[in-house]
Each structure stands twice: as structure tokens, then as C-alpha cells.
Amino acid sequence: MKLTGVELRRVAMPLVAPFRTSFGTETMRDILLVRVATDGANGAAEGWGECVAMSGPLYSSEYADAAADVLRRFLVPALAAAPLPGAHAVAGVLAPFKGHRMAKAALETAVLDAELRAEGRSFGRELGAVHDRVPCGVSVGIMSSVPELLDAVGGYLAEGYVRIKLKIEPGWDVEPVRAVRERYGDDVLLQVDANTAYTLGDARQLARLDPFDLLLIEQPLDEEDVLGHVELARQLRTPICLDESITSARDAAAAIRLGACQVVNVKPGRVGGYLEARRIHDVCVAHGVPVWCGGMLETGLGRAANLALAALPGFTLPGDTSASGRYYAVDLTEPFVLDDGHLPVPTGPGLGVVPVPERLAEITTATEWLAC
Ligand code: NPQ
Ligand code: MG
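Because the structure is a prediction, the values reported are computed rather than measured. (Residues numbered from 1 in each chain as written. Chains lettered and ligands numbered in written order. Predicted model: local features only at pLDDT ≥ 70, side-chain atom pairs only at ≥ 80, totals over all residues. Heavy atoms only, no water.)

*Asks:* For this particular structure, what's the right way to read helix 8 (residues 226-235)?
*Replies:* What sets the pattern is the α-helix's 3.6 residues per turn: residues three or four places apart point alike. Along helix 8, the residues classified as buried are Gly-228, His-229, Val-230, Leu-232 and Ala-233. Turning to helix 8, the residues buried within the fold contact helix 7 (203-207), strand 9 (240-242) and helix 9 (249-258). (Buried < 20%, exposed > 50% of the residue type's maximum accessible area, 1.4 Å probe, protein only. Helix = DSSP H or I, 4+ residues; strand = E, 2+ residues; numbered from the N terminus. Contact = heavy atoms within 4.5 Å.)

*Asks:* I keep staring at the site of ligand 1 and nothing clicks. Help me out?
*Replies:* Within the structure, ligand 1 sits among 20 residues, and Ser-139, Lys-167, Asn-195, Lys-267 and Gly-295 are positioned closest to it. With respect to ligand 1, the side chain of Glu-218 contributes an N or O atom lying 3.3 Å from an oxygen atom. In this structure, an oxygen atom belonging to ligand 1 sits 3.0 Å away from a side-chain N or O atom of Lys-267. Considering ligand 1 on its own, with 440 Å² of exposed area, one finds that the protein chains cover 100% of that surface. The cavity where ligand 1 resides is the largest cavity. Of all the secondary structure elements, the ones that give two or more residues to the shell around ligand 1 are strand 1 (2-21), strand 2 (24-39) and strand 6 (163-167). Its residues assigned to classes, the shell around ligand 1 comprises seven nonpolar, four polar and nine charged. (Near = heavy atom within 4 Å. Polar contact = N/O pair within 3.5 Å; in protein donor to acceptor, adjacent residues only side chain to side chain. Areas by Shrake-Rupley, 256 points an atom, 1.4 Å probe, with all protein chains shown as cover. 1 Å grid on protein atoms, 1.4 Å probe; cavity = no way out; pocket = protein on both sides within 12 Å on 5 of 7 lines; lining within 4 Å. Sits in = over half its atoms within 2 Å of the grid points. Nonpolar A, V, L, I, M, F, W, Y, C, P; charged D, E, K, R; others polar.)

*Asks:* Would you explain the packing of aromatic side chains in this entry?
*Replies:* When we look at a pair of aromatic rings, we describe it by the centre distance and by the angle of the planes. If you walk through the whole model with that rule in mind, you get six aromatic pairs. Seen in terms of ring centroids, Phe-19 and Tyr-327 are 6.0 Å apart; in terms of plane orientation they differ by 65 degrees. Their pairing is edge-to-face. Of the two residues, Phe-19 is situated in strand 1 and Tyr-327 in helix 13 (residues 324-327); the sequence distance between them amounts to 308 residues. Taking relative accessible area as the criterion, Phe-19 reaches 8% and is therefore assigned buried. Classification of Tyr-327 by relative accessible area gives buried; the value is 4%. Each ring, one from Phe-23 and one from Tyr-59, has its centre 6.4 Å from the other, and the planes form 65 degrees; the classification is edge-to-face. Placement of Phe-23 in the loop between strand 1 and strand 2 and of Tyr-59 in the loop between strand 3 (45-51) and helix 1 (64-81) is noted, with a sequence separation of 36 residues between them. (Phe/Tyr/Trp six-rings, centres within 6.5 Å; stacked < 30°, edge-to-face > 60°.)

*Asks:* Would you explain the layout of surface pockets in this entry?
*Replies:* Using a probe with the size of a water molecule, rolled over the atoms, empty space left in the structure can be pinpointed. Taken as a whole, the largest pocket spans an internal volume of roughly 400 Å³. Listed by contribution, the elements that provide at least two residues to the lining of the largest pocket are helix 2 (90-94), helix 3 (101-119), helix 9 and helix 11 (274-287). Considered class by class, the residues forming the lining of the largest pocket number six nonpolar, five polar and eight charged. Each of domain 1 (2-120 + 354-371) and domain 2 (125-344) accounts for three or more of the residues forming the lining of the largest pocket. (Points joined across faces, edges and corners; volume = space filled by probe spheres on them. Domains from an automatic or database assignment.)

*Asks:* When you look at the coordination of the magnesium ion (ligand 2) in this model, what are you seeing that I'm missing?
*Replies:* Around a metal, the perfect tetrahedron of four donors has angles of 109.5 degrees, and the perfect octahedron of six donors has angles of 90 or 180 degrees. Around the magnesium ion (ligand 2), the donor atoms from the protein are Asp-193 (OD), Glu-218 (OE) and Asp-243 (OD), and they sit 2.0 to 2.3 Å away. Mapping the donors of the magnesium ion (ligand 2) onto the primary sequence yields the spacing D-x24-E-x24-D. Of this pair, Asp-193 sits in strand 7 (residues 190-193) while Asp-243 sits in the loop between strand 9 and helix 9, and the two are 50 residues apart along the sequence. Owing to a relative accessible area of 1%, Asp-193 belongs among the buried residues under this scheme. (Donors = N, O, S within 2.8 Å, 3.2 Å for Na, K, Ca; no water.)

*Asks:* I'm lost on the sheet that holds strand 5 (residues 137-140) in this one. Help?
*Replies:* Strand pairing in a sheet is mediated by backbone hydrogen bonds. Such pairs are either parallel or antiparallel. Ordered in space as 5-6-7-8-9-10-11, the seven strands form an open sheet in which the pairing is parallel. The outermost strands of the open sheet, each flanked by one partner alone, are strand 5 and strand 11 (291-293). One ladder, built from two bridges, connects strand 7 with strand 8 (residues 217-218); its direction is parallel. Residue pairing across strands places Asp-193 opposite Glu-218, the latter belonging to strand 8. (Pairing = 2+ DSSP bridges.)

*Asks:* Would you take a moment to explain empty space enclosed by the protein for this structure?
*Replies:* Tallied over the full model, the rule gives three cavities of 30 Å³ or more. Of the residues contributing to the lining of the largest cavity, the split by class is eight nonpolar, four polar and seven charged. Counting contributing residues, the lining of the largest cavity receives three or more from each of domain 1 (2-120 + 354-371) and domain 2 (125-344). Size it by volume and the second largest cavity reaches roughly 160 Å³. Elements that contribute at least two residues to the lining of the second largest cavity include exactly strand 3, helix 3, helix 10 (268-271) and helix 12 (300-310). Counting residues per element, the lining of the second largest cavity draws most heavily on helix 12, at four residues. Grouping the constituent residues of the lining of the second largest cavity by class yields ten nonpolar, seven polar and four charged. Built from parts of two domains, the lining of the second largest cavity gets at least three residues from each of domain 1 (2-120 + 354-371) and domain 2 (125-344).

*Asks:* Whenever I open this one, the domain arrangement of the protein confuses me. Can you help?
*Replies:* Buried accessible area, meaning the area lost when the parts come together, often serves as the stated size of an interface. Per the domain assignment, the segments of the protein are domain 1 (2-120 + 354-371) and domain 2 (125-344). One C-alpha centre belongs to domain 1, the other to domain 2; they are set 24 Å apart. The partner domain 2 presents 41 residues to the 33 residues of domain 1 that form the contact. In total, domain 1 and domain 2 occlude about 3200 Å² of area from one another, counting both sides; carbon and sulfur atoms represent 66% of this. (Buried area = accessible area lost by both parts, 1.4 Å probe.)

Written out as C-alpha cells, the structure reads:
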């Protein structure tokens, strides 16, 4: 196959409600979409990739303008110049360029989507999905009061979500967890995510979460503080799950061997794409470490691919693969709607979904065509 062109498209999607984490409050999702046009033995095709970078470098060092810049200047020209046997070759061509995993992931996903659409195979089949639907959890932001949080959690439980994740930060940790346990009981699958907001000096405070039987605590310390997580794990009963710290299968293997985590969150954007994400799944299965699929407030495009990944056999914990309505009143694709706490794994060619043309036009703020 060969690339004939790449479109960089920015879209703005309003969130149904502000989403507050330890790194800030989001009310609008500003997203870079990558659309590739390809030609090959099976004819012309197009494919989509959603870049999960935020508009600012708050979750990680990547941000949408930087992703667009590195794609425009380096990644797309390199890919256009290289022989392209298929999507599995993309990562190797892009490897000379350090970092920028979210940008690389979007480009590789778009090429993989185009290849699979041309061949009539689905993402799920390509990645090795073994389920036709996956159980879904939901991530609940930091609220201004405990009653407000309890209302939000009650609403999600009523919708059918099978697992609740509370965002925490210093000053909003033990009380909200205690309140959710007291109101909704010990049977609720419950976990917390700190997005790096603590230090090892907070170990005693974090140990106060131990009595609440949480599934895990996600990324309590800095993304680079692997050794800190090893030490913290020795002081907590709650299993530690790494998110921001894991950027490759090699990282995952090292973190597991060091004892820095007992659970792994996989986000394809963070690790450079779905093929690397599958390798992380494989590493975790080999070590008997539970793994689950994270979320980055994706539109239906990214959500479709995440559902395919989450259907692999090692994904034994519910992920943040929430329904469209958790974040968006109107999604970019046909909406994913929760059914008995589950979402379906798309079965059509490639991602199995496409943007709704009128919706895409409505939310687009900029487009740029890179001819190859
Ligand atoms: C996490 N996601 O697991 C992330 C963090 C996150 C679902 O909790 C805009 C774009 C806002 C990406 C807020 C969930 C975001 C974002 C939070 C990612 O750490
Ligand atoms: Mg996280």
C-alpha cells in the first residue's frame, strides 16, 4: 500500500458536564483527527485515527498543536517516503523520531484502519478480540461537594456502569471514597485515580484508603517515579495501577518486575498505538497482571478502537470505555449506548464506524491537507 495524502483536522466537542481531575477542569474537548488516504492492491481506501492529546500538556507532555506540528514536519513526510508494506511497518519508520507517542498512535491507527477497511477485516479480529461486547466502567470527576458526587455516582450506577472510578487529589480522597461506600455498599467495584497528585510523603494518608477494598489506586505519584511506586506499594494494601508511567511494553515489563504496579492501565495513545498496546496486554498476561483499557474522552472513532482492544482475553477488569453519552450529547459517530453495563465491539471493516458527515462539518475548526 502507499499513502496518497493525510488530512489533519481539528474538531471541538463540548462535554456534557465539566470534568475535573487533579490536573485541571475540562469543559470542551479540542481534538486532532488524522485521516489518511491510501492506495494498494485492494484499491483506494481511507482511514481515521484520533489523537488523544489534550490542548495543553497537563496529562502528559504531549498536546494537540505539538502533535499536529510533528506529524506535519516529520512523521507524515517520513511515512510518505518509506515503502509501506502495511500498518505493522509504521512504528519502525517513525522510530527515529523520539517520543510523540500520541501523534504516532493517531497516524498508525489511521493507516491500520485504511488497511483493514480495504481488506474487509475489523479491528477486533485484527487485534485478537475474544468477546463481542465488553463491560464498562466510568470515571467520575472531582466535585465541589460530597452530595454532588453521590448524585453523580448514583446516576452512573442507575445507567448500569459496572465499575466506578473516582478522581482524587490531596483534600479529596478518603471522604469521597468513604461516602460512596457508605451510600452504595461494599459490592460496588470501586477504584481511584490520582493522576500523579501525591508524593511518597503522602503514604500514610493513602494507606487510609486501605479499609475500603478498592480494586486499585491509579498513578498516585509522578510519571517518572517508578521507584517511588515500588516503595509505596510496600506501604499500601490497595493494589497500585500505573497509567502515565507506562509508555511501552518494555516499561510495563520493567514496572511489573520491579514491583511498581500490580495492575496496568493501557491507553493506546499513550503507548504509541494499538499494536504496542496489544504487546503490553501480552506482557501483562505473561506475568498474570490484570490489565484494563483506559480512556481519554475519545469520540466514537477512538471509542470503537478501544472497545476492540478491551475485548482481548487479558482485559480482566472493566475499563474507562464509557458510552458516548458519558461525555458527549452528540458524538462524532453513531453513538455507543450502554446495554446492561456493556458496549458492543464493532464488527464492520476497520474501526467499524465513520464520522457522521454533518456532525463532522459542524464541529470542525480547521483542516489541513498534506499531499504525499
Ligand atoms: C486517566 N481519563 O485515566 C484519564 C485522564 C484524563 C477517563 O479518567 C481531556 C482529555 C480531559 C483527556 C481528563 C479518565 C481529560 C483527559 C482526564 C484525560 O487518567
Ligand atoms: Mg489515569
